[in-house]
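So you can see what is in the structure, the chains are spelled out below.
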Amino acid sequence: QSVVDGQVSTLNAAIDAYNAAIVPAANMTAYNAALAAVVEANYTTATWATYQGVVTANPATDQDAQASVDAATANIVAAQSALIAIADMTAYNAALGAVVEANFTTASWSTYQVVVLANVHTNQDAQAAVDTSTGLITAAQADLVLNPII
């Protein structure tokens, strides 16, 4: 019996050593949530490309040490703060669509077009710039002269 007890004790020590050496799988919840928190369609192309560089440089799996996963998560979340949202073009597009050339004199329309062409924007531009241009376009519309009714 003492031989068996000795072998059981040796096996238990081996099991304890094995269990101590096992590294638990990393918790990926925060990492996966960070990746899911942003969608490319909502951000400018340039800032999304930079963000993707950070994501690519910070891969993580549940086999990595938790500290490594946490560091990668922190880098990704930090990079998200640099993302710039695409501009909301609703008011800008509405301003452009609010007037029709056929309703106004050629001279006033030409003057208006100078303002419009000086204020061309896409959703990749800063919201403040789009808003300023929308205001300038709307203000220029007040100077349009209606064609006389014949």
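Residue positions are given per chain, counting from 1 as you read along its sequence in written order. Local features in a predicted model are, by the rule used here, given only for residues with pLDDT of at least 70; side-chain atom pairs are given and counted only at 80 or more, and totals for whole chains, interfaces and linings are based on all residues. The basis for every side-chain value is the complete set of heavy atoms in the structure, and neither hydrogens nor water enter the calculation.

**As for the overall build of the chain**
Okay, step 1: Strands here mean DSSP runs of E at least two residues long; helices mean DSSP runs of H or I at least four residues long; both are numbered from the N terminus. Each helix and strand counted, the chain has seven helices and zero strands in total.
Okay, step 2: In terms of overall dimensions, the chain is more spread out than a globule: its C-alpha atoms have a radius of gyration of 31 Å, far above the 15 Å expected for 150 residues.
Okay, step 3: When its C-alpha atoms are laid out on the principal axes, the chain stretches across 120 × 20 × 15 Å.
Okay, step 4: Residues counted as buried form 26% of the 150 residues belonging to the chain.
Okay, step 5: Carbon and sulfur atoms make up 63% of the accessible area of the chain, which amounts to about 9600 Å² in all. The globule rule used for comparison is 2.2 Å times the number of residues to the exponent 0.38, while the radius of gyration itself is calculated over C-alpha atoms. Whether a residue is buried, partly exposed or exposed follows from its accessible area with a 1.4 Å probe, protein chains only, as a fraction of its type maximum: under 20%, in between, or over 50%, in that order. Working definition of accessibility: Shrake-Rupley area with a 1.4 Å probe, residue cover restricted to the visible protein chains.

**Side note on the nonpolar core**
Okay, step 1: Residues enter a nonpolar core if they are buried and are Ala, Val, Leu, Ile, Met, Phe, Trp, Tyr or Cys, with the set joined through side-chain atoms within 4.5 Å. Core analysis: the biggest nonpolar cluster contains 15 residues, and Tyr31 and Tyr51 have the highest contact counts within it.
Okay, step 2: Contributions of two or more residues to this core are made by helix H2 (29–36), helix H3 (45–57) and helix H4 (66–80).
Okay, step 3: Element by element, the count of residues in this core is highest for H4, at four residues.
Okay, step 4: Core analysis: the next-biggest nonpolar cluster, separate from the first, contains 13 residues, Tyr92, Val99, Val116 and Ile137 among them.

**Points about the packing of H3 against H4**
Okay, step 1: Axes here refer to lines fitted to C-alpha atoms; in helices the fit is confined to the stretch in contact. Angles between the N-to-C directions go from 0 to 180 degrees. It is at 9 Å that the axes of H3 and H4 come closest, and there the two elements cross at 180 degrees. Classified by the interaxial angle, the pair formed by H3 and H4 is roughly antiparallel. Contacts between H3 and H4 involve Tyr51, Val54 and Val55 from the first element and Asn75, Ile76, Ala79 and Gln80 from the second.
Okay, step 2: Note on residue categories: nonpolar means Ala, Val, Leu, Ile, Met, Phe, Trp, Tyr, Cys or Pro, charged means Asp, Glu, Lys or Arg, and polar means any other residue, Gly included. Each residue belonging to the contact of H3 with H4 can be placed in one class, and the counts come to five nonpolar, two polar and no charged. Each angle gets one of four labels, with under 35 degrees taken as roughly parallel, over 145 as roughly antiparallel, 65 to 115 as roughly perpendicular, and the rest as oblique. Contacts: residue pairs with any heavy atoms within 4.5 Å of one another.

**A few points about the environment of alanine 94**
Okay, step 1: Of note, alanine 94 is situated in helix H5 (residues 90–97).
Okay, step 2: Each C-alpha atom, one on alanine 94 and one on valine 4, is 87 Å from the other, the two residues being 90 residues apart in sequence.

**Topic: the environment of alanine 107**
Okay, step 1: Secondary-structure assignment places alanine 107 in helix H6 (residues 106–117).
Okay, step 2: When the C-alpha atoms of alanine 107 and alanine 13 are compared, they prove to be 95 Å apart, with 94 residues separating the residues in sequence.

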